[in-house]
Amino acid sequence: SVQQQGSLAWSQWPSLSPQSADLMLVLPMTALSWHRLTLPPGSLPKAWNATQAAGRLRAILDGLLEERLLDEPAAVHLALQPSPAAVAQPWVVACDRVWLKAWLDALAANRQVVRRIVPELTPMQLQEGLYVQGDTDQARLACLIDSPEAGQAVLHVELHASTPALLASDP
C-alpha cells in the first residue's frame, strides 16, 4: 500500500534517501501494450530452475508475440501477469526495453533503487469498468473490449467527442 505520494523536480531526486522507502516505478499506459496468449502445454512447469525457466519462457513468448509486436521481440521487455498458470490465457505486457532501462539507469544514478515495476492499470483492473485519465486538454480512456478477431484487448485512446460512438458501435 502507498504510504506517501507526491511530485518532485528531477533535480531534487538526489536529496532523497535510498533507504527511506521501497521505490516503485509505475509505467504509464501509453508506454505499454497488452497481449493475451494461449501458452503451449508445459510452458510454466514448476520444476524449472529460475535461469532455465526465464530463458525458455522468453523464447516461447518471443515466438508467440513476434507477429503482434511493433518492434522486434528483443527490443521489448516482457512480463507475465501474476499467477499465469491459474488462467487459460494469461496477459503479457510489453514495453520498450531501452526506454525502461534509461529510466532505471537514471534513477540508479540518483541512488534510487527500484524495488518493483508495475503498470499504471492492468487488464484485470479494466474488467471492472472504464478509466478516464488526464485533464480536459489531454484526457485518455482505458477499457477492456471484446474483439471478434482478437478476443479481449486493452483499448487506450485519446478521449474525443466521438469516443462514445466508437464504444457503442457494433463490431
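Shown above is the structure to which this text applies.
Just so we're clear, the structure is a prediction, and the values are computed from it rather than from any experiment. (Residues numbered from 1 in each chain as written. Predicted model: local features only at pLDDT ≥ 70, side-chain atom pairs only at ≥ 80, totals over all residues. Heavy atoms only, no water.)

## Here's the deal with the sheet that holds strand β2 (residues 33–36)
Our working definition: At least two bridges found by DSSP between two strands is the condition for calling them paired. Counting from the N terminus, the helices are the DSSP runs of H or I reaching at least four residues and the strands are the DSSP runs of E reaching at least two. The axes used here are C-alpha line fits, helices contributing only the stretch in contact, and every angle between their N-to-C directions lies in the interval 0 to 180 degrees.
With antiparallel pairing, the 3 strands of this open sheet are ordered in space as β2-β4-β3. Here the strands that pair on one side only, and so sit at the sheet edges, are β2 and β3 (76–80). Each strand of the sheet is rotated relative to its neighbour by a mean of 25°, with strand direction disregarded. Bridge count for β2 against strand β4 (residues 91–96) is 4 bridges, and the pairing is antiparallel. Along β4, the bridge assignment pairs Ser33 with Ala94.

## Description of the environment of Leu130
This is how it is decided: Residue contacts follow a heavy-atom distance rule, with two residues in contact if any of their heavy atoms lie within 4.5 Å.
For Leu130, the location among the structural elements is in the loop between α3 (123–126) and β6 (131–133). Separated by 12 residues in the primary sequence, Leu130 and Ala142 have C-alpha atoms spaced 6.0 Å apart. With sequence-adjacent residues up to four places away left out, Leu130 is seen in contact with Leu141, Ala142 and Cys143.

## As for helix α2 (residues 97–109)
To keep things clear, this is the line we draw: To estimate how far a helix should extend, the number of its residues minus one is multiplied by 1.5 Å. Residues adjacent in sequence count toward polar contacts only when both atoms are side-chain atoms; beyond that, a polar contact is any pair of N or O atoms within 3.5 Å, and within protein one must be able to donate a hydrogen and the other to accept it.
Taking 1.5 Å of rise per residue, the 13 residues of α2 would be expected to cover 18 Å, and the 18 Å separating its terminal C-alpha atoms lies within 8% of that figure. Of the residues flanking the start of α2, the one acting as N-cap is Asp96, its side-chain oxygen 3.1 Å from the backbone nitrogen of Val98.

## So, the nonpolar core
Selection criterion: Take the buried Ala, Val, Leu, Ile, Met, Phe, Trp, Tyr and Cys residues and link them wherever side-chain atoms come within 4.5 Å; each set so joined is a nonpolar core. For every residue, the accessible area obtained with a 1.4 Å probe (protein chains only) is divided by the maximum for its type, and the residue is called buried under 20%, exposed over 50%, and partly exposed between those limits.
Core analysis: the largest hydrophobic core is formed by 15 residues, its most contacted members being Leu27, Met29, Leu32, Trp34 and Leu126. Elements with a contribution of two residues or more to this core: β1 (23–27), β4, α2 and β7 (140–147). Ile60, Leu61, Leu65 and Ala94 belong to the second-largest nonpolar core, a separate cluster that totals 11 residues.

## Overview of unusual backbone geometry
With phi around 50°, Ser83 is a residue other than glycine that occupies positive phi space. Topologically, Ser83 is positioned in the loop between β3 and β4. With relative accessibility at 55%, the residue Ser83 sits in the exposed group.

## Overview of the pairing of β1
Here β1 shows one buried face, formed by Leu23, Leu25 and Leu27, and one open face, formed by Met24 and Val26. Inspection of the sheet shows β1 paired to strand β5 (residues 114–119) by 5 bridges, in the parallel sense. Residue pairing across strands places Val26 opposite Val118, the latter belonging to β5.

Keep in mind that these numbers describe shape and distance, not what the molecule does.
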